Amino acid sequence: MQALLAVVLLVGIGAGAGAYSGMFYVTGSQFYEPCRQRQEKEKIDGGFKDAEADNPSQAALWGSCTPIMTESMGNAGFAIGSSSPEATEDAKALASACPDAFTEMPVFPKFWYTVAVDVIEKNGGPSLIDRVAPAGWLIERAMKARWPRCVEAARPYIAKARNGTQSNAPKQ
């Protein structure tokens, strides 16, 4: 019985260490720190060109900032609205409850990660749990704090978009 307990304890410690180091996925802290560094470097460079990473590892982390953010928002059920005069009625309806592409999101989608970094920072930065929890949890928590009604408001529009896509799909 003690041997089994020792094995379970060792496996648990190993899994915890692996999660802390990001062996299984990108943790919240692993998302936030490099993406915040990228944002700072882009501000120094004027924001008109891609910031140059100091090494290949940093370049890989910086390249994942926007994909992780957009995937996390999509998985959480967020949508992006727009108050632009040219926006569709659906986008305009979402603009009051969700991130507004016209006023709150950078023009170029590759910089959208900065919205997540800013919101996380305004919420006090990553917590202790974010050292082992997936980045999506940190991003979702921060985005829900900033846009608490977005997921509920987006639900019918996301369903409408999915149904429209499915109805246009070729029959097999």
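Quick look at the structure, then. Since this is a predicted model, take the numbers as computed values, not measurements. (Residues numbered from 1 in each chain as written. Predicted model: local features only at pLDDT ≥ 70, side-chain atom pairs only at ≥ 80, totals over all residues. Heavy atoms only, no water.)

1. Considerations on the overall build of the protein
- Per the secondary structure count, the protein includes eight helices and zero strands.
- Residues counted as buried form 34% of the 172 residues belonging to the protein.
- For the protein, restricting intrachain contacts to residue pairs at least 6 apart in sequence, the fraction spanning at least 24 positions comes to 63%. (Helix = DSSP H or I, 4+ residues; strand = E, 2+ residues; numbered from the N terminus. Buried < 20%, exposed > 50% of the residue type's maximum accessible area, 1.4 Å probe, protein only. Contact = heavy atoms within 4.5 Å.)

2. Observations regarding the pattern of salt bridges
- Overall, the coordinates contain nine salt bridges when judged by the stated rule.
- The salt bridge involving Lys41 is made with Asp54; its shortest N-O contact spans 3.2 Å. One end of the pair, Lys41, is in helix H2 (residues 28-44); the other, Asp54, is in the loop between H2 and helix H3 (56-63), with 13 residues separating them in the sequence.
- When its relative accessible area of 23% is taken as the criterion, Lys41 is described as partly exposed.
- A residue is classified by how much of its surface remains accessible, and Asp54, at 62% relative accessible area, is exposed. (Salt bridge = Lys/Arg side-chain N within 4 Å of Asp/Glu carboxyl O.)

3. Details of the state of the cysteines
- Under the definition given, this model contains two disulfides.
- One disulfide in the model links Cys35 with Cys65; its S-S distance is 2.1 Å. Sign of the S-S torsion, about -105° for the bond between Cys35 and Cys65, identifies this disulfide as left-handed. On the criterion of sequence distance, the pair formed by Cys35 in helix H2 and Cys65 in helix H4 (residues 65-76) is long-range, its members being 30 residues apart.
- The class of Cys65 is buried, set by a relative accessible area of 0%.
- Through a disulfide, Cys98 is tied to Cys150; the S-S separation comes to 2.1 Å. Disulfide Cys98-Cys150: torsion about the S-S bond near 105°, hence right-handed. Separated by 52 residues along the polypeptide, Cys98 in the loop between helix H5 (89-94) and helix H6 (113-122) and Cys150 in helix H8 (residues 150-167) bring together distant segments of the chain. (Disulfide = S-S within 2.5 Å.)

4. Quick look at the nonpolar core
- In terms of nonpolar packing, the biggest core is built from 31 residues, with Phe31, Met69, Phe78 and Met143 touching the most fellow members.
- Every element with two or more residues in this core is listed here: H2, H4, H6, helix H7 (135-146) and H8.
- Per-element tally for this core: the top contributor is H6, with six residues.
- Setting aside anything within four residues of it in sequence, one finds Phe78 in contact with Met73, Pro99, Met143, Lys144, Trp147, Cys150, Val151, Ala154 and Ile158. (Core = buried A, V, L, I, M, F, W, Y, C linked by side-chain atoms within 4.5 Å.)

5. Digging into the side chain of Gln39
- Inspection of the secondary structure assignment puts Gln39 in helix H2.
- According to the relative accessible area criterion, Gln39 is buried, its value standing at 6%.
- Side-chain polar atoms of Gln39 contact the side chain of Asp118, separated by 2.9 Å.
- Not counting residues up to four positions away in its chain, the partners in contact with Gln39 are Tyr113, Thr114, Val117 and Asp118. (Polar contact = N/O pair within 3.5 Å; in protein donor to acceptor, adjacent residues only side chain to side chain.)

On their own, these measurements won't tell you what the molecule is for.
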